[in-house]
Amino acid sequence: MYADDAPPLNQVTFDWVQSSRDAQKQRIRNKGKATKGKKRKDQRNKTKEGSWSEFDDVELFDQRTAAETEGTEPSAPARDLQRELLGVKLSSKTIHRFNTKLMRMESVEEILDACFARQLPRGDGISVLNVVAALESLMQIVRREKWHQIEKLKLSRDQRVVALLDQAFAQKAELKSRGLAKLLWSLAGLGGVSKYRTETEMLLKRAEALLPEFAPRDLSNILWALATTKHRTEFLSSIAKRCIECDLSTFKAKELCSVVWAFASLNYHPGGAFMDSIPSGWELADGGVSSFTSQQLTNCLWALVILGEHETPLFREVWEEIVGRGSALRDNKYSLLQVHQVLLLDGPRGIDFSILAGSEGTSRLRDLASLFWEKEIRQQSKQVSFYQRQVSDALRTMGLAHVEEDNVSGISVDITIPARNLAIEVDGPSHLSRTDEVLLGHTVLKQKQLHALGWDVLNIPYYEWDELLGREDKRAYLLAKFDDFQDPSV
């Protein structure tokens, strides 16, 4: 079983898998023994002449890369594994036809029922490539219908989904670059941060062997999956190198913007060679910076600030394009919120936006972004986390005057000690990578914002706080942290 916390397959599921295997093997034996009947004789003659049948050997088939796989034969282990799991061998045409049907289906139940029916006794069988197509189609529906994360987790526990994932991981060695990237993308959309951590690592090991085969689209999908699941890995450096090898000018705007956003989200700098490889004017395969959507522009702006690239020509080009569009951004609330977050860095300790573009255009954009930010803040309710409350209680016992949920120039800060100009951020799991507990990009940006506003920033990660056993331990811990900020007297 490969799902992190999904329940094991129940006995009913095991029964139909076993019966499917036995029935399909018997079906093949009966087929081979048949000596009478014109229909069967005709079928055998067609097979001898080179036509295809549903019992031909499996060919790994991707409908978008058919030319790469046409005429190839699967490995013996792949044939044996397919025969053992499903009791039937599928032709590339059979796989292709079912993939096409899957991508046209319009509901989750329709997709799962179709896959389930092919795995039942006397079904036609299902390939690992069909599994990938089914999962991809599922996630496209889930994203289009904007499912809540709870609904997606419920779907991930569906026994039909669990069975599909079992087959995908059992045959992951047979996946090529495009299929592997799609599988990572689907897992990220389905499980989010809370599921499939081990499975992701398994797929990344397979990805290392396929690295030279990844195209820009594959790299973009993999990085989106890692960023969405907050999954930092050593493989990020290999992905950055592969991006350079592919030539960043051959990327489409959607692909490169997603790549840069993902690196920043994970708080991982891809290196100077990567940044230098981004063509001047962001001239990509489908146009330059002027052809970017508003969301692509502000994603790049947000990412470049986190990566510390705000003094580069790349940043200037993106910013000037944003200012030039001005009120055209009004229809994209998320883009305006990102602009406001970046403009909070304006100042002597942050970024001097007055030298990047016309001050008049920047002022109008600031007013527009601030308006949307204020509306967003009014709609949000203040929530104090368990760790934040504990730190506040510890400060209170130490006699330190402080403010909880302090709204500093539009930024909500967990705790401030105004007398010492100190902002304290208590970082729970949502602020950290799920693999190495490094601060994520959005938390790094908040540090930069508070610093630009003149505050010293103290971050207290939850895992350090969890190790403190009593009042004295917490007092000693906080005093040690304060040493770096001119320890306030108690």
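Per chain, the residues get numbers from 1 upward, laid out in the order the sequence is written. With the structure being a predicted model, the display of local features is reserved for residues of pLDDT at least 70 and the display and counting of side-chain atom pairs for 80 or more, all residues being used for whole-chain, interface and lining totals. Only hydrogens and water are set aside when side-chain values are computed; all heavy atoms of the structure are taken into account.

We now examine the overall build of the protein chain. Secondary structure assignment for the protein chain yields 23 helices and four strands. The rule is simple: take the accessible area with a 1.4 Å probe, protein chains only, and divide by the maximum for that residue type; under 20% is buried, over 50% is exposed, in between is partly exposed. Classification of the 490 residues of the protein chain by burial places 51% in the buried group. Nonlocal contacts in the protein chain, meaning residues at least 24 apart in sequence, comprise 74% of its contacts between residues at least 6 apart. In DSSP terms, a helix is any run of H or I states spanning at least four residues, a strand is any run of E spanning at least two, and both are numbered starting from the N terminus. Contact definition: two residues touch when any of their heavy atoms are within 4.5 Å.

So, about the packing of helix H20 (residues 386–397) against helix H23 (residues 471–482). To get an axis, a line is fitted to the C-alpha atoms, and for a helix only the part in contact is used. The angle between two axes follows their N-to-C directions and goes from 0 to 180 degrees. The geometry of H20 relative to H23 is characterised by a closest axis approach of 10 Å and an angle of 85° between their N-to-C directions. Classified by the angle between their axes, H20 and H23 sit roughly perpendicular to one another. Residues Gln390, Ala394, Leu395 and Thr397 of H20 pack against Arg471, Lys474, Leu478 and Phe482 of H23. Classes in brief: Ala, Val, Leu, Ile, Met, Phe, Trp, Tyr, Cys and Pro nonpolar; Asp, Glu, Lys and Arg charged; the others, Gly included, polar. Considered class by class, the residues forming the contact of H20 with H23 number four nonpolar, two polar and two charged. In these notes the angle categories are as follows: under 35 degrees is roughly parallel, over 145 is roughly antiparallel, 65 to 115 is roughly perpendicular, and the rest is oblique.

Mean pLDDT over the protein chain works out to 82, with 78% of the residues at or above the 70 mark. Low confidence marks residues 33–37, where pLDDT is under 50. Its contacts with residues over four positions away, or in another chain, come to four contacts. For the stretch residues 43–87, pLDDT sits under 50, and the model shows 94 contacts to residues farther than four places along the chain or on other chains. Values of pLDDT, ranging from 0 to 100, describe the predictor's confidence in every residue of the model.

A separate point is the nonpolar core. Buried Ala, Val, Leu, Ile, Met, Phe, Trp, Tyr and Cys residues that are joined via side-chain atoms within 4.5 Å together make up what is termed a nonpolar core. Ranked by internal contacts, the top residues of the largest apolar core, which has 108 residues, are Phe274, Trp282, Phe315 and Trp319. In terms of residues, this core owes the most to one element, helix H7 (residues 128–144), which gives 11 residues. In contact with Phe274, not counting residues within four places along its chain, are Ala240, Cys243, Ile244, Leu248, Leu256, Val259, Val260 and Phe263. In this structure, Ile417, Val426, Leu432 and Phe482 belong to the second largest nonpolar core, which totals 22 residues.

Pairing in this open sheet of four strands is mixed, and the strands run S1-S2-S3-S4 from one edge to the other. The sheet is open, and its two borders are formed by strand S1 (403–408) and strand S4 (456–461), each paired with just one other strand. Going from strand to strand, the sheet's axes swing by 45° on average, the running direction of each strand aside. By definition, two strands form a pair when at least two bridges between them are found by DSSP. Examined bridge by bridge, strand S2 (residues 411–417) and strand S3 (residues 422–427) share three bridges and lie antiparallel to one another.

This paragraph deals with the layout of surface pockets. Size it by volume and the largest pocket reaches roughly 1,300 Å³. A 1.4 Å probe that fits but cannot get out identifies a cavity on a 1 Å grid over protein atoms alone, an open set with protein on both sides within 12 Å along at least five of seven lines counts as a pocket, and a residue lines either if it has an atom within 4 Å of a point. Lining the largest pocket are 41 residues, with Gln341, Gln380, His431, His442 and Lys446 positioned closest to its centre. Looking at the lining of the largest pocket, the element that brings in the most residues is helix H21 (residues 441–452), giving six residues. Residue classes in the lining of the largest pocket are distributed as 13 nonpolar, 20 polar and eight charged. Lining the second largest pocket are 19 residues; nearest its centre among them are Arg143, Ser220, Trp224, Lys254 and Ser258. Elements with a contribution of two residues or more to the lining of the second largest pocket: H7, helix H10 (177–191), helix H12 (216–228), helix H14 (253–265) and helix H16 (294–306). For the lining of the second largest pocket, the element with the most residues is H14, which contributes five residues. For the lining of the second largest pocket, the residue count by class is five nonpolar, seven polar and seven charged. Grid points are joined across faces, edges and corners, and a volume is the space filled by probe spheres set on the points.

The span you would expect from a helix comes to 1.5 Å times its residue count less one. End to end, H16 covers 19 Å across 13 residues, agreeing with the expected 18 Å (1.5 Å per residue, within 8%). With 12 of 13 residues buried, H16 lies mostly within the body of the structure. Of all the residues in H16, the buried ones are Ser294, Gln296, Leu297, Thr298, Asn299, Cys300, Leu301, Trp302, Ala303, Leu304, Val305 and Ile306. Backbone geometry just downstream of H16 places Gly308 in the positive-phi region, at approximately 75°.

A word on H7. Note that an α-helix has 3.6 residues per turn; residues three or four places apart therefore point the same way. Over its 17 residues, H7 extends 24 Å from the first C-alpha to the last, a length consistent with the 24 Å expected when each residue adds 1.5 Å. Here H7 lies mainly inside the structure; 14 of its 17 residues are buried. Regarding H7, its N-cap is Ser127, as a side-chain oxygen of that residue lies 3.0 Å from the backbone nitrogen of Leu129 further along. Count one or two residues on from H7 and you reach Lys146, which has phi positive near 55°. By the criterion applied in these results, polar contacts are pairs of N or O atoms within 3.5 Å in which, for protein atoms, one can donate a hydrogen and the other can accept it, and in which residues neighboring in sequence qualify only through two side-chain atoms.

This paragraph deals with the packing of H16 against helix H18 (residues 333–343). For the pair H16 and H18, interaxial distance at closest approach is 9 Å and the crossing angle is 25°. On the basis of their axis angle, the class for H16 and H18 is roughly parallel. Along this stretch, H16 crosses H18, giving a crossing that reads as left-handed. Contacts between H16 and H18 involve Ser294, Gln295, Thr298, Asn299, Leu301, Trp302 and Val305 from the first element and Tyr334, Ser335, Gln338, Val339, Gln341 and Val342 from the second. By definition, turning the near helix anticlockwise from the far helix through less than a right angle yields a left-handed crossing, and turning it clockwise yields a right-handed one.

Mapping His402 onto the fold places it in the loop between H20 and S1. Among the residues examined, His402 registers a relative accessible area of 18% and is labelled buried. Residues His402 and Arg420, spaced 18 residues apart in sequence, show a C-alpha to C-alpha distance of 9.8 Å. Each residue touching His402, except ones within four places of it in the same chain, is listed here: Ser392, Leu395, Arg396, Ile415, Thr416 and Ile417. Of note is the side chain of His402, whose polar atom sits 2.8 Å from the side chain of Ser392. Looking at His402, its side chain comes within polar contact range of the main-chain oxygen of Leu400, at 2.9 Å.

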